[in-house]
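What follows is each chain in one-letter form.
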Amino acid sequence: MTVEQLTEEERDSWLRGLTGWALAREGKAIERKFEFADFSEAFAFMTRVALIAETRDHHPEWFNVYNRVEITLTTHDAGGLSLRDVKMARKIDALVA
């Protein structure tokens, strides 16, 4: 099944509904930075995200230093943002709500 890249209109509309996420890579990705109390809390968050990513077969690009986690979402098969990224961002947001 082909994954379609969001149009600019779709991308902007979906992004308005995502708190804390910003466009990156010339509109081809979204990113968000998270901060936790300590490394254990950050690592636990990453573990929960990893489990979601595995079940959805949609894996984030991320960076972690101590209590900070930075996540970038893009769909390589689509050449940019897709609805898969929006859905993944929502799942990630639910973990910190």
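Residues numbered from 1 in each chain as written. Predicted model: local features only at pLDDT ≥ 70, side-chain atom pairs only at ≥ 80, totals over all residues. Heavy atoms only, no water.

Details of the pairing of strand β2 (residues 29-35)
Where we set the bar: Strand pairing requires that DSSP identify at least two bridges connecting the strands. Elements are defined by DSSP. Helices are runs of H or I of four residues or more, strands are runs of E of two residues or more, and each kind is numbered from the N terminus.
Bridge analysis of strand β1 (residues 22-24) against β2 gives three bridges, and the strand direction is antiparallel. Bridged to Leu23 within β2 is Ile30. The loop that links β1 with its antiparallel partner β2 comprises four residues; one of these, Arg25, has a positive phi angle of about 50 degrees. The pairing of β2 with strand β4 (residues 68-73) spans six bridges and is classified as antiparallel. Bridge pairing in β4 places Lys33 opposite Glu70.

Details of the confidence of the model for the chain
The test is simple: A residue's pLDDT is the predictor's confidence in that residue, given on a scale from 0 to 100.
Per-residue confidence for the chain gives a mean pLDDT of 94; residues scoring 70 or more make up 99%. Highest mean pLDDT in the chain belongs to β4 (98); lowest belongs to helix α1 (residues 8-16) (92).

A short note on helix α2 (residues 39-56)
This is how the line gets drawn: One less than the residue count of a helix, multiplied by 1.5 Å, gives the span that helix is expected to have. Whether a residue is buried, partly exposed or exposed follows from its accessible area with a 1.4 Å probe, protein chains only, as a fraction of its type maximum: under 20%, in between, or over 50%, in that order. What the arc describes is the spread of directions from the helix axis to the C-beta atoms. We call two residues in contact whenever any of their non-hydrogen atoms come within 4.5 Å of each other. Definition of a polar contact: a pair of N or O atoms within 3.5 Å, with one able to donate and the other able to accept a hydrogen when the atoms are protein atoms, and with sequence-neighbouring residues admitted only if both atoms are side-chain atoms.
Here α2 is 18 residues long and its end C-alpha atoms lie 26 Å apart, about the 26 Å a rise of 1.5 Å per residue gives. The complete set of buried residues in α2 reads Ala42, Phe45, Met46, Val49, Ile52 and Ala53. One side of α2 carries all its buried residues, which in axial view fall inside an arc of 120 degrees. Facing away from the buried surface of α2 by more than 90 degrees, the exposed residues are Ser40, Leu51, Glu54 and Thr55. Check the buried side of α2 and you find it contacts β2, β3 (61-65), β4 and α3 (83-96). Where α2 begins, one side-chain oxygen reaches toward the backbone nitrogen of Ser40, 3.2 Å away; that side chain belongs to Asp38.

Brief notes about the packing of aromatic side chains
Put simply, the test is: Only the six-membered ring of Trp is used, alongside the rings of Phe and Tyr, when aromatic pairs are assigned; centres must lie within 6.5 Å, and planes under 30 degrees apart are stacked while those over 60 apart are edge-to-face, with the rest tilted.
All told, the structure shown has five aromatic pairs when counted by the stated rule. Arranged with centres 4.9 Å apart and planes meeting at 45 degrees, the rings of Phe34 and Phe45 form a pair that is tilted. Highlighted residues: Phe34 in strand β2 and Phe45 in helix α2, separated in sequence by eleven residues. As far as the burial class goes, Phe34 and Phe45 line up, both buried. Residues Phe39 and Phe43 carry aromatic rings whose centres are separated by 5.8 Å and whose planes lie at 35 degrees to one another, so their mutual orientation is tilted. Here Phe43 and Phe39 lie together in helix α2, a separation of four residues that amounts to about one turn.

Points about the sheet that holds β2
For clarity, the threshold we go by: Each axis is a line fitted through C-alpha atoms, taken for helices only over the stretch in contact, and angles between the N-to-C directions span 0 to 180 degrees.
Pairing is antiparallel in the open sheet, where four strands are placed in the order β1-β2-β4-β3. Each of the sheet's edge strands pairs with one partner strand only, and the pair in question is β1 and β3. Going from strand to strand, the sheet's axes swing by 25 degrees on average, the running direction of each strand aside. The pairing of β3 with β4 spans five bridges and is antiparallel. Along β4, the bridge assignment pairs Phe63 with Glu70. On the sheet, α3 packs against β2 and β4 and is oriented at approximately 10 degrees with respect to β2.

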